[in-house]
Every structure is written in C-alpha cells, then in structure tokens.
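The lines below spell out each chain.
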Amino acid sequence: MACAQLVPLPSPVCAGPVVLVIMDGVGIGRGDDGDAVAQARTPNLDRLAREALSTRLAAHGRAVGMPSDEDMGNSEVGHNAMGAGRVFDQGAKLVSNAIADGTLFAGETWQTMIGHSVTHQTPLHLFGLLSDGNVHSHIDHLIALLRRAAAAGVQRAFVHPLFDGRDVPKVSAHLYLEQLEAVLAELSLDGRVYRVASGGGRMITTMDRYEADWSIVERGWRAHVLGEARAFASAGQALETFRREQPGIVDQELPPFVVVEGGRPVGPIEDGAAVIAFNFRGDRMLEIVQAFEEPAFAKFDRVRHPNVLFAGMMQYDGDTHRPKRFLVAPPAITCTLSELLCQRGVSQFACAETQKYGHVTYFWNGNRTGKFAEQLETYLEVPSYAPPFDARPEMRAPEVAAALLEHLAGNAFRFLRVNFANGDMVGHTGNIAATVRAVEAVDTAVGQIAAAVAAKGGALIVTADHGNADDMVERDKKSKAPKRDERGQLIPKTAHSLNPVVFHLVLPESARARIALADLPAPGLGNLAATVALLLGFAPPADYLPPLVTVR
C-alpha cells in the first residue's frame, strides 16, 4: 500500500523541535487513597495543567481498537494508536471475531495442527496466560480452542497455564483454574484425556520480554517441555501449597510446577506434538517462540529440542516472522507517522529503558522492528534494573531524561520521543507508596525536559499510553470507593485502569497565538500523530484522525 506523503504547510508552527513525553501508566484518577498520581508531589505536571493547552484523551477500549469500552488499554495498543494516527482492531478483538465467525478454525494453520494431531494420535499442547484480563490473552479463547479440538477428534490435550494477578486481581488464579478444570473434565469423555500439565506465575515462568531475564523462559521450558519442576498431583494442589507456604504471594510470582501421575509428568512436550501459544499479544511470547523455533538457540541449555508443529495465536513479530505459523493475522499497520516523516527527511530520536524500549520503536512503528531510514533515526535503549521495580521506583527515569537532553542539545533531531516506564512497571507491583515515588521521578524528568525544550523554542507534548498508577486499589462496584481488608488496609490492584490520560501541549511564545485546542467530540491517543505532524509543519494525511489542535 502506497502512503500519502505529508504536505508541508506554508510556515512551520514553531522553529524548534517537537518532543513527545509518554508517561507510561499515568492516567487521571479519582484523587483518592487509591490514586498514586494524585498523592505524588508533581509540581511540574501541576504547572503544565495550569499553563499548557490541555485536554483528556481516551486510552482504553474502542479508542485503541479493543472490543469494548470495558477493556483496558495497554502499552502496545496505545503506542500503535499514537504512532499510526489511526485505530486498528487489535489482538483481542481480532481473535474474538475470528473465533466467532469461524475463520480461525477454517484457517490453514488450525487445520494443519489439528489434522496432524488427529492423524498421528499425538497430543495438542496449549500454553499462555490464564485470565480474562484481555491484555495478553483471554480464557474464553483458550476454552474455544479446547472445545473445537475435542469436536475435531483430538484425543489428548494438555494445558500449561501461566497465572496472571497483574491484569486481573492479584490473587485470583484459583477462579480461572476452576473454570478451566471444569471444561477439561467435561471434555475428558469418550476416551479423551484433557488435563493441566504444568504452569507457574507469569513473572517467574515463561513470559519474559525484551530479553530482560532469560531464566524466566528457561524455567518455563523446563516445566512445559522437560517436565522438570516441583511436582504435584494437580494444579489446584500446587496453587494451594504455594499460597500456604508463602503467605501473601501474588499470582504473578508463583513458582513453576508440573502435574505428575505415577511419579511421571502427565504431559511434557515431546516429539510429534502440536503446540499452540494462545496469547494474542506478542512481547512476552517472543522469547519462548525462539526456544521452540530456532535450531541454533543458545540462550540456555534446552537439554532436548522436541520436533513439534508450533503456532502462535498471532504472529508476534512480522519482521522476524515469529512464529512461522499463527492462527490469526495481526493488524496490517502501514504509513505510520515515523515512516511519513522519514519520507520528508525529518530526523527522529526514540528512547526508553528496556521495559518499554519496544514500545517507542516496534509498536510505535506499527509492529515493525527495523528503522525506516538508518540515517534519519536514532534509537537508544537504556538497560532496565532487574525487578522488583518497587525496590527502585525511580527506575531509569534519570538516565532516560539525560539521554533526551543530550540529544536535544545536539540540534540533530526535529522529533524526539521518550517513554518513562515508572508509572506502569511500579504500578503493577501494587505498592502504592513506591508508585507515588515513581510518579515523582517522572515529574522531575518532565520538569527538566520542559525547561530544555523551552530553551530550544520547541513544542512539548506530555501524555500517557494508558492508566495504571492512577487506580491501584480494588473498588466497590457501585460506589467506586476503595476496598479495604479486615485490618482496614487498602486492597491493592495491579491491573491497568480505564481512566483517560492527560494531553499537555507547551509551545514557544511565538506560536501560542496561532494554536488552539480543536473541538473534537472524543479525542484519543489516535489523534496524537496528526498533532505531531502539524506541529512539525505538515498537513497530516486525510485518513489520519484529526489533530488535537488547530492553526489559526
């Protein structure tokens, strides 16, 4: 598909660069005890709220391509929308639609996987995140696959669930496990054997991302493939035992386990099997995909590399073609802002620490790994500290800010974007006090950047990709008041929020009289790309969502 080029305006809005600051996971909350953003001391953000052109942006639900407005946004879909200037149906919605209309089951990959299992009487293995958080996966998708596999004649199926407690209540794995076990029991008729075989908490087992900690993937490999982890008679027994032995442990930190019978693992992944990763989101699946698909894999000792048919729910990386087989095609996102700016010779800088580096590059660029123009783009990754992130709530915000200031001072870039991971990554720990400090670290960085951009005569946009730190407690469904336990302590929530996010635009004095907020009925993250293009002196393409500002 050919992209419409950006058309230069008669005169640029401002002479200096345009800087976009993305405060990951910092939304607009209720201002109560569960709102770490409101509790934080944020003089710089407070000043922007008073002095900048400001509005609120939708960052969840249909505004970012999710199935409904009850669905949380996340960093991936948020950065897709920001960088593409349009809203595309995203993983959850694509998969739900493909299951509902049957195209997933009519597809070549499903037919090949199931045909192989039925013909050769080999098991089907499914692994992924067991929850209804709808950020990485949905239990309904897993159940639909299991039911169709049974109907198609698959005699043995083994599930390797990864417990969530991050995008859903932090101690809720038993609810999803009970639901799954009921379905497995229902399907284990007429000689079929459908069972849980292994599992563990998502932050301990299998679901690492950005190569931050390959030992997480190795633990998953040993449990799912080799059948090597602490042994239990059932997943329920494993869950009960871990919770009894480690009071207060949350689901995402549960150790790996293996279900055994007669002293042997019931379902290790072996030669001839069909294996499906049922997560639709790719960032925390890419490493385990490498372990399954790469012959010369060297990140850890696999001990054995089973010859299996492997597929993902979606293709997690279109550039590296991982995985090779997938059940549902991802959205085709073309003509992103960075691509169009490169066509116009606009130099760009992108920076984040490891935990969010892929978001200001891969996801911002429409799920594309490489650069559009090597000579025009500079990407910088600042290595993250190892978790737990609440131990160092400032994370790498000072270093990310310093990198931006250095590259801003060099006058080599017209558009610079950074992501501060603190609000999201520390927010996910459920530690409100640490998250308050995390937000304060971001505020300090914003203040430094604002001063530097003003000195350059540039434009500064401050926003976020979704909420999290703004709503960190479980709430009463009717009153929305924070819930407390029997000791009167707030009950933490580690999932994203459904709250809007800020849009602050700071302009040089010479441009203020020319710019006003546009009268848009429902502004969202998808309006940011056109806004950046306009500030850089270009009329955005007609198919982009309109800019958040108008030029007088």
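Above this text sits the structure in question.
Fair warning: this is a prediction, and the values are worked out from it, not measured in the lab. (Residues numbered from 1 in each chain as written. Predicted model: local features only at pLDDT ≥ 70, side-chain atom pairs only at ≥ 80, totals over all residues. Heavy atoms only, no water.)

Caption draft 1: Highlighting the pattern of salt bridges. Summed over all chains, the structure comprises 28 salt bridges. The partner of lysine 356 in a salt bridge is aspartate 424, with the nearest N and O atoms 2.7 Å apart. With lysine 356 in helix α13 (residues 354-363) and aspartate 424 in helix α15 (residues 422-427), this residue pair connects regions lying 68 residues apart in the sequence. Summarising the burial analysis for this pair, lysine 356 and aspartate 424 share the class buried. Within this structure, Asp32, Asp471, Arg475 and Lys493 form a network of salt bridges that share partners. (Salt bridge = Lys/Arg side-chain N within 4 Å of Asp/Glu carboxyl O. Helix = DSSP H or I, 4+ residues; strand = E, 2+ residues; numbered from the N terminus. Buried < 20%, exposed > 50% of the residue type's maximum accessible area, 1.4 Å probe, protein only.)

Caption draft 2: Layout of a positive patch on the surface. Among the surface-exposed residues, Arg30, Lys477, Lys480 and Lys483 lie close enough to one another that they form a single positively charged patch. Residue position: lysine 483 is located in the loop between β17 (459-463) and β18 (501-506). (Patch = residues over 30% accessible without salt bridge, like charges linked within 9 Å, V, L, I, M, F, W, Y side chains within 5 Å. Areas by Shrake-Rupley, 256 points an atom, 1.4 Å probe, with all protein chains shown as cover. Lys, Arg positive; Asp, Glu negative; His and termini not counted. Charge placed at Lys NZ, Arg CZ, Asp CG, Glu CD.)

Caption draft 3: Main features of the sheet that holds strand β3 (residues 53-57). If you walk across this open sheet you meet the seven strands as β3-β18-β17-β2-β16-β14-β15, and the pairing is mixed. Each edge of the open sheet carries a strand with a single partner, namely β3 and β15 (377-382). Taken over all neighbouring pairs, the strand axes of this sheet differ in orientation by 15° on average, direction set aside. Note: strand β2 (residues 18-23) against strand β16 (residues 415-420), six bridges, orientation parallel. Directly across from valine 18, in β16, lies its bridge partner phenylalanine 415. Set on the sheet, helix α16 (residues 432-455) makes contact with β2, β16 and β17; between it and β2 the angle comes to about 175°. (Pairing = 2+ DSSP bridges. Axes fitted to C-alpha atoms, helices over the stretch in contact; angles between N-to-C directions. Contact = heavy atoms within 4.5 Å.)

Caption draft 4: Expanded view of the state of the cysteines. Following the criterion strictly, the structure yields one disulfide and no others. Residue cysteine 3 pairs covalently with cysteine 335 via a disulfide, S to S 2.0 Å. Taking the torsion about the sulfur-sulfur bond, which here is approximately -90°, the covalent link between cysteine 3 and cysteine 335 counts as left-handed. One end of the pair, cysteine 3, is in the segment before β1 (7-8); the other, cysteine 335, is in the loop between β13 (326-328) and α12 (337-343), and 332 residues separate them in sequence. Cysteine 3 gets classed as buried once you look at its relative accessible area, which sits at 18%. With a relative accessible area of 5%, cysteine 335 lands in the buried category. (Disulfide = S-S within 2.5 Å.)

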